[in-house]
Every structure is written in structure tokens, then in C-alpha cells.
Amino acid sequence: MDSTCLEPSLYTVKAVFILDNDGNRLLSKYYDPELYPTMKDQKNFESNVFSKTHKADNEIAFLEGMTIVYKSSIDLFFYVVGSAQENELMLMSVLNCLFDSLSHILRKNVERRCLLDNMEGVFLVVDEIIDGGVILESDPQQVLQKVNYRADDNPLTEQSVAQHLTEKLALTTNVLQSAKEQIKWSILK
């Protein structure tokens with residue numbers, strides 16, 4: 001057994017990124033500043049990873065001394081990167097949590113356009129799952145509860161828009177009525 005074995009660490013995730021089907025970055029978070037310190041290094045790494053994985057039918061790759069787990073959906077590729085010694089099952093649980101949480105937020109429509117329209121929610125999900133490379137959560141239901149996204153919240157249905165407009169109209173009517181009363185009393189004085 002090798003005596004120079006690395007100590008276990010909570011910092012298991014080195015990077016998370018989402019690419020479109022052309023290999024363009026949509027989201028990336030690197031948690032080890034020494035791993036790929038510049039934007040150019042990061043984009044080169046992402047390009048290498050994409051070229052190796054975009055036509056493969058696997059779920060795991062080893063590249064540049066990194067363990068990479070990935071998943072594709074329609075026109076997106078999701079990647080979670082760890083060190084070469086990292087447990088693939090741990091990385092895969094992070095990837096599955098990320099994918100399932102985003103699938104719920106995007107209402108099962110996990111594609112580029114929907115992802116870009118909901119980037120604030122995507123960043124919240126990533127931040128709830130991983131903080132500084134430490135895995136905080138691997139249960140999508142817990143993540144969704146923490147970021148307060150629910151599938152049954154439909155903020156822009158016809159009924160909710162009509163209700164919102166009715167409430168605004170009633171408020172405006174009340175304000176106008178109050179203003180009329182104040183003007184009437186100021187004239188009568």
C-alpha cells in the first residue's frame with residue numbers, strides 16, 4: 001500500500017459546468033483556483049472534455065488527471081468534475097441531484113432556451129448542492145425546498161394575470177376615491 005496516499009477531504013468537486021450541443025459554456029463554476037486559474041485554461045479544458053464526451057455513450061470519463069461524470073439532455077451536457085482519486089458514485093449523486101432539480105424547475109423541459117430563461121434558479125440550485133467544492137446536498141427534493149421552487153407554482157397563467165390585474169384595478173380605484181375625498185374636503189374648508 002502506498003504510504004503517500006492522499007488524505008480524505010470534503011472538497012470533492014473541482015468544477016461543475018453545463019455546455020450546449022456546440023460545446024459553448026452556459027454555466028461553469030470552478031472550485032479549485034489552482035486547477036484552471038484562467039478563463040482560457042477553463043475553456044480549453046471544457047473544449048477537451050466536450051470533444052471526448054459529446055458523442056460517447058458513457059457516463060464517466062478520465063481526462064487530464066480528473067474524474068468527470070456527465071449526462072446529456074436534448075441540447076445540453078451536464079458535467080461534474082472531481083480529482084482522479086474521487087469516488088465516481090459521489091460525483092454521480094451530485095450530477096443526478098443537479099439534473100433532477102433542474103428538471104423540476106424547468107418543468108421537465110431541460111433544454112438550452114429554458115435553462116437560459118431560468119439562470120437565476122439554476123445558479124441557486126448549483127449553490128445549494130455545492131459550496132466551495134463541498135457537497136452540501138444530494139437530494140433534489142431538499143434542494144428544491146431550499147430554493148423555494150415548486151412545480152405547481154404557475155405564476156403566469158391567465159387566471160393569475162387576471163387576478164393580479166383585478167387587484168391592481170381595485171387598489172387604483174381606492175386611491176382615486178381617497179384622492180377625490182381629500183380634494184372635496186380641502187375645497188369645502
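Residues numbered from 1 in each chain as written. Predicted model: local features only at pLDDT ≥ 70, side-chain atom pairs only at ≥ 80, totals over all residues. Heavy atoms only, no water.

As annotated in an unreviewed UniProt entry, the protein chain carries the name Coatomer subunit zeta and comes from Fundulus heteroclitus. For the protein chain, the Sequence similarities (unreviewed entry) comment in UniProt is given as "Belongs to the adaptor complexes small subunit family." The protein chain has a UniProt comment under Subunit (unreviewed entry) that states "Oligomeric complex that consists of at least the alpha, beta, beta', gamma, delta, epsilon and zeta subunits." (UniProt positions renumbered as here; feature names shortened; annotations may be inferred.)

1. Examining the packing of aromatic side chains
Following the criterion strictly, the structure yields nine aromatic pairs and no others. Summarising the aromatic geometry, the rings of Phe-77 and Tyr-79 are spaced 6.5 Å apart at their centres and angled 20° between planes, so their arrangement reads as stacked. Residue classification places Tyr-79 among the buried positions, given a relative accessible area of 0%. On the basis of an interplanar angle of 90° and a centroid distance of 5.4 Å, the ring pair of Phe-78 and Phe-99 is categorised as edge-to-face. Of the two residues, Phe-78 sits in strand E5 (residues 76–83) while Phe-99 sits in helix H2 (residues 88–105), which places them 21 residues apart along the sequence. There is no split in this pair, since Phe-78 and Phe-99 are both buried. One aromatic cluster is present, built from ring pairs that chain together Phe-17, Tyr-30, Tyr-36, Phe-45, Phe-50, Tyr-70, Phe-77 and Tyr-79. (Phe/Tyr/Trp six-rings, centres within 6.5 Å; stacked < 30°, edge-to-face > 60°. Buried < 20%, exposed > 50% of the residue type's maximum accessible area, 1.4 Å probe, protein only. Helix = DSSP H or I, 4+ residues; strand = E, 2+ residues; numbered from the N terminus.)

2. With respect to the sheet that holds E5
Reading across the sheet, the five strands line up as E2-E1-E5-E4-E3 and stay open at both edges, with antiparallel pairing between neighbours. Single-partner strands in this sheet number two, and they are strand E2 (25–30) and strand E3 (60–63). On average, each strand axis in the sheet is tilted by 20° relative to the strand beside it, whichever way the strands run. As judged from the five bridges shared by strand E1 (residues 13–20) and E2, these two strands associate in the antiparallel manner. Residue pairing across strands places Leu-19 opposite Arg-25, the latter belonging to E2. Across the face of the sheet, helix H1 (residues 39–53) comes into contact with E1, E2, E3, strand E4 (66–73) and E5 while running at roughly 115° to E2. The sheet contacts of H2 involve E1, E3, E4 and E5, and relative to E4 the element is tilted by about 30°. (Pairing = 2+ DSSP bridges. Axes fitted to C-alpha atoms, helices over the stretch in contact; angles between N-to-C directions. Contact = heavy atoms within 4.5 Å.)

3. Some words on unusual backbone geometry
For Glu-64, which is not glycine, the phi torsion reads 55° and is therefore positive. The residue Glu-64 is located in the loop between E3 and E4 in this model. The residue Ile-74 is not glycine, and still its phi comes out positive at about 50°. Tracing the chain through its elements places Ile-74 in the loop between E4 and E5. Assessed through its relative accessible area of 67%, Ile-74 is described here as exposed.

4. Examining the pattern of salt bridges
What the rule picks out here adds up to seven salt bridges. Linking Lys-146 and Glu-137 is a salt bridge whose minimum nitrogen-to-oxygen distance equals 3.4 Å. Judged by relative accessible area, which is 16%, Glu-137 ranks as buried. One salt-bridge network, held together by shared partners, links Glu-111, Arg-113 and Asp-117. (Salt bridge = Lys/Arg side-chain N within 4 Å of Asp/Glu carboxyl O.)

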